[in-house]
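Coordinates in review
So you can see what is in the structure, the chains are spelled out below.
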Amino acid sequence: LSWWRLRAGEAPAKPDSPAPDKIESVAPDDEQQFMRRELARALKARAFEVHYQPIVAAAGGRINGVEALLRWTHPERGAISPATFIPVAEQMGVMDELGEFVLNRALEDAKAWPDIYVSVNLSPLQVRDRKIVDVVRSALASSGVAPSRLVLEITEGVLIDNPQEMLKRIEELRALGVRIALDDFGSGYSSLGYLQRFAFDKLKIDRSFVSALGRSPNAAVIIQAIVALGRALDVTIVVEGVETEEQRVLLRLAGCDEMQGFLFARPAPAATVARLIAPSAAA
Ligand code: C2E
Ligand code: MG
Ligand code: MG
């Protein structure tokens, strides 16, 4: 797929840089305190950014949409993974504030991109809070972005505790005209009952299945089964974490609709996305 990167003016994907947030010498309690203090500071200073990773059509490779991913660069530690700081933000009770920031920023940025959708992650805490429906409604209104261009990603964990209430919430969100994706599908509880009860528009197959392709013979079979399920339920199947050409070919053969991964593009600032989509918009 080197043509893809050449056209995008991007360098080939570099190997993962070492995670700067893993400092073994700090005791967990001190580390917790440090994170809380620094997160509070970063919130005040508005030190967060949103990056975007393209999601491409399995057939043809056109960019259909992007996923918004929260980024925090600490002045001394450098980039800290959202997987590390989001749980802390949740404990601190500031995830709704951060989540609202991501949603508003993503919709603002989306104005500059014709056609493509923007997919925003919602933390379980945000989905459990009834006010999320108003938050999404007013973010859509103030940006003027068509609701059909917004996808909200939720994880299975949110459905467990109070499925009845979540069912209602998801229906209210879909009534705004947005689409709902079930993120990290297969990584957690994965009850098939959820698929029956909740009307999802997209399933995002967890990266762990993709990385197991070629190593475990079961991985391909499971992916095929999920794709068949998706077809029957009329949901779009997205695969995350596509890193190699071999994986891309296998996943395309399996019938996945959309793909996301370092093979196509890494998460990048909005300006980079604008350059990436310009050629496909013209095509
Ligand atoms: P996610 O929603 O499943 O997002 C996909 C993650 O996979 C991103 O990690 C992305 O950089 C990474 N990824 C994409 N392609 C590849 C690949 O080919 N190989 C590998 N190894 N990784 C790939 P990131 O940005 O570190 O985010 C991690 C998680 O943090 C996200 O997983 C999501 O659960 C959470 N997150 C990120 N931004 C937000 C946000 O704004 N709100 C909420 N609630 N959660 C967020
Ligand atoms: Mg996601
Ligand atoms: Mg995911």
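A brief look at the structure comes next.

Cut-offs and rules
Residues numbered from 1 in each chain as written. Chains lettered and ligands numbered in written order. Predicted model: local features only at pLDDT ≥ 70, side-chain atom pairs only at ≥ 80, totals over all residues. Heavy atoms only, no water. Buried < 20%, exposed > 50% of the residue type's maximum accessible area, 1.4 Å probe, protein only. Helix = DSSP H or I, 4+ residues; strand = E, 2+ residues; numbered from the N terminus. Pairing = 2+ DSSP bridges. Donors = N, O, S within 2.8 Å, 3.2 Å for Na, K, Ca; no water. Core = buried A, V, L, I, M, F, W, Y, C linked by side-chain atoms within 4.5 Å. Contact = heavy atoms within 4.5 Å. Near = heavy atom within 4 Å. Areas by Shrake-Rupley, 256 points an atom, 1.4 Å probe, with all protein chains shown as cover. Nonpolar A, V, L, I, M, F, W, Y, C, P; charged D, E, K, R; others polar.

A word on the pairing of strand E1 (residues 48–57)
- Burial analysis of E1 places 9 of its 10 residues in the buried class, the great majority of the element.
- Relative to strand E2 (residues 63–74), E1 is paired through 9 bridges, and the arrangement is antiparallel. Bridged to Val 56 within E2 is Ile 63.
- Counting the residues between successive antiparallel strands, the hairpin from E1 to E2 contains 5 residues, one of them, Gly 60, with a positive phi of roughly 100°.

Observations regarding the coordination of the magnesium ion (ligand 2)
- Protein-derived coordination of the magnesium ion (ligand 2) comes from Glu 67 (OE), Asn 121 (OD1), Glu 153 (OE) and Asp 183 (OD), at a distance range of 2.0 to 2.2 Å.
- For the pair the magnesium ion (ligand 2) and the magnesium ion (ligand 3), the metal-to-metal distance amounts to 3.9 Å, and Asp 183 bridges them. Pair noted here: Glu 67 is in strand E2 and Glu 153 is in strand E5 (residues 150–155), with a separation of 86 residues, a long-range link.
- Judged by its relative accessible area of 3%, Glu 67 falls in the buried class.

Quick word on the nonpolar core
- Within the largest apolar cluster, 82 residues are counted, with the highest numbers of intra-cluster contacts made by Tyr 52, Val 136, Leu 150, Leu 152, Ile 154 and Leu 159.
- Among the elements that take part in this core, helix H4 (residues 95–110) stands out by supplying 7 residues, more than any other.
- Sequence-distant contacts of Leu 150, that is, excluding residues within four places in its chain, are made with Leu 103, Leu 107, Val 118, Val 120, Val 136, Leu 140, Val 178 and Arg 179.
- Judged by nonpolar contacts, the second largest core, of 5 residues, contains Ile 55, Tyr 117, Ala 181 and Val 238.

As for the site of ligand 1
- Among the 24 residues in the neighbourhood of ligand 1, the closest are listed as Arg 71, Asp 183, Arg 207, Glu 243 and Phe 262.
- For ligand 1, whose accessible area on its own is 800 Å², the fraction buried by protein is 84%.
- Of all the elements in the fold, those that place two or more residues in the shell around ligand 1 are E2, helix H3 (82–92), H4 and strand E6 (179–185).
- Among the elements that make up the shell around ligand 1, the one with the highest residue count is E2 (4 residues).
- Here the shell around ligand 1 is composed, by residue class, of 11 nonpolar, 5 polar and 8 charged.

Functional significance is not addressed by these values, which are geometric in nature.
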